[in-house]
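Inside the fold
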Amino acid sequence: MPPLPPDLAQTTILNAAGTLTRLSGARIAPGVAKAMVEAAGLSFDMWKLQAAASRRIAAATGAEAGLVTTGASAGLTLAAAAAIAGLDPVKMDALPLVSPTPEIIVPRTHRNAYDRALRVAGAALRDIGVADRETDAGVRGLEAFEVEAAIGPATVALAANGSPATAQDIPLLAGLARAHGVPLIVDAAAQLPPVEGLKTFLAAGADLVVFSGGKAIGGPQASGILAGRRDLIASAALQMLDMDTRPEAFEAPPEFFGNGPAPVLPRHGLGRGYKASKEAIVGLMAALDVFLARDAGAIERRTRRRLAAIARGLSGLRGIAAEIVPGRKAGAVSRLAIRVVPDEAGMDASDLAARLRRARPAVYLAEGRIGENVLLVDLAAIRPEDDAALVQAIAAALGS
Ligand SMILES: *Cc1c(COP(=O)(O)O)cnc(C)c1O
């Protein structure tokens, strides 16, 4: 393999912050990268490649069908487009502007910065409920009557977030979605591991679920999964794949269309700009195989050994104290919490993070607890052979 061009190679970093998108997501395992290189040199019929991926996604998630997208965010937009248009080619061609404006109902406590992806397809979000439980103002969560009151002729879907704080609402939302004949879309982008997270939300009644490929699954950074009901996945596929095909020449894959008649074909859809590449599809499927076979116990033991060695390396340094802390939710691996004592270090956690960012190579630590003067070492995206350099960089930044 040729080396990276030097100007690009100079921008590589030591990423001890986790599989963050702005820090380029997961590192791809050599076996997965090899599959991607092989795919790059071959040609495919993209409908057939996506159909093969659909079979694998179905097996891994329990869904009827699945589609490789360019990420969870693209998956949300395609899910909304499928909920709005179904298999109607006229609506598909009209998106994102259809009248009256379709509505997707989202409990207020599930709202987050990624849900605009649903609006991109042309839907308006209607947020409902109150955050009593989440704000410690009261004991009550989402109530069925609040959802029922919002459902009307413009409703095309309900949407939910799969986080531990919000997942408890999913069975209620699933029941109401079914009763009113609209799909429930669940954003589970950040809910892996555990591996069981691939199945949890569909089993709880979701019609469509999205995952990121470039985070915990360890696939290509710009990849993701949309999985769920066959007719909705078929709609998403029709709105993403290249549709410059003669209708007589279109062979509708049974993975998406069952044994029914071929659909009336739309023109290029709303999702054309989100087309997943052959490298991404093959890479994500190879990464999914590795992810499905992961031994969570062994990963946690290996992680703790590495964190303990890093903690030993940092133990003599003035101004910080390091401690291994367990992951915050089921299946999450441990991390190292580095507490900065400003009076001793002569700097706070924000200053230390800034110095590390300016190091060569730049070092990034997770900042989820920076408000408590704590930086976290997350090993998900850093090579074991870089652990020593990480310790040295922290020592240098502290001026030791
Ligand atoms: C990361 C993330 C997304 C977006 O995922 P991509 O695969 O980067 O498009 C959406 N929702 C949540 C909750 C996320 O954490």
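This report concerns the structure included in the present document. (Residues numbered from 1 in each chain as written. Predicted model: local features only at pLDDT ≥ 70, side-chain atom pairs only at ≥ 80, totals over all residues. Heavy atoms only, no water.)

**Points about the pairing of strand S6 (residues 184-187)**
Because side chains alternate across S6, one face comprises the buried residues Leu 184 and Val 186, and the other comprises Ile 185 and Asp 187, equally buried. Crossover connection from strand S5 (residues 155-161) via helix H8 (residues 170-180) to parallel S6: handedness right-handed. As judged from the three bridges shared by S6 and strand S7 (residues 208-212), these two strands associate in the parallel manner. The residue bridging Asp 187 from the neighbouring strand is Val 210, located in S7. (Buried < 20%, exposed > 50% of the residue type's maximum accessible area, 1.4 Å probe, protein only. Helix = DSSP H or I, 4+ residues; strand = E, 2+ residues; numbered from the N terminus. Right-handed = clockwise from strand over helix to strand, strands pointing away. Pairing = 2+ DSSP bridges.)

**Details of unusual backbone geometry**
Where the residue is not glycine, phi is negative for most of them; where a peptide bond is considered, it is trans in most cases. Geometrically, the link from Pro 193 to Pro 194 is a cis peptide bond, its omega value of 10° lying close to zero. Position of Pro 194 among the secondary structure elements: in the loop between S6 and helix H9 (197-203). Despite not being glycine, Ser 24 has its phi angle at roughly 80°, a positive value. On the basis of relative accessible area, Ser 24 is assigned to the partly exposed category, the value being 44%. Of note in the backbone geometry, Asn 373 takes a positive phi value of approximately 65° without being a glycine. Inspection of the secondary structure assignment puts Asn 373 in the loop between strand S11 (363-365) and strand S12 (374-377).

**Digging into the site of the ligand**
Around the ligand lies a shell formed by Thr 21, Gly 71, Ala 72, Ser 73, Tyr 114, Asp 187, Ala 189, Ala 190, Ser 212 and Lys 215. Asp 187 has a polar side-chain atom sitting 2.7 Å from a nitrogen atom of the ligand. Within the side chain of Ser 212, an N or O atom sits 2.6 Å from an oxygen atom of the ligand. Compared with its free state, where it exposes 380 Å², the ligand has 85% of that area covered by protein. (Near = heavy atom within 4 Å. Polar contact = N/O pair within 3.5 Å; in protein donor to acceptor, adjacent residues only side chain to side chain. Areas by Shrake-Rupley, 256 points an atom, 1.4 Å probe, with all protein chains shown as cover.)

**Quick word on the layout of surface pockets**
Roughly 1900 Å³ of volume is contained in the largest pocket. If you go around the largest pocket, you meet 48 residues; those closest to its centre are Gly 18, Thr 19, Ala 216, Asp 378 and Ala 380. Counting only elements with at least two residues in the lining of the largest pocket, the list comes to helix H2 (30-40), helix H12 (278-292) and helix H13 (296-314). No other element matches H13, which puts four residues into the lining of the largest pocket. (1 Å grid on protein atoms, 1.4 Å probe; cavity = no way out; pocket = protein on both sides within 12 Å on 5 of 7 lines; lining within 4 Å. Points joined across faces, edges and corners; volume = space filled by probe spheres on them.)

**Considerations on the environment of Ala 349**
Within the fold, Ala 349 resides in helix H15 (residues 349-357). A relative accessible area of 0% means that Ala 349 is categorised as buried. Considering only alpha carbons, one finds Ala 349 and Gly 371, 22 residues apart in sequence, at a separation of 8.4 Å. Ignoring any residue separated from it by four or fewer positions in sequence, one finds Ala 349 in contact with Val 340, Ile 370, Asn 373, Val 374 and Leu 375. (Contact = heavy atoms within 4.5 Å.)

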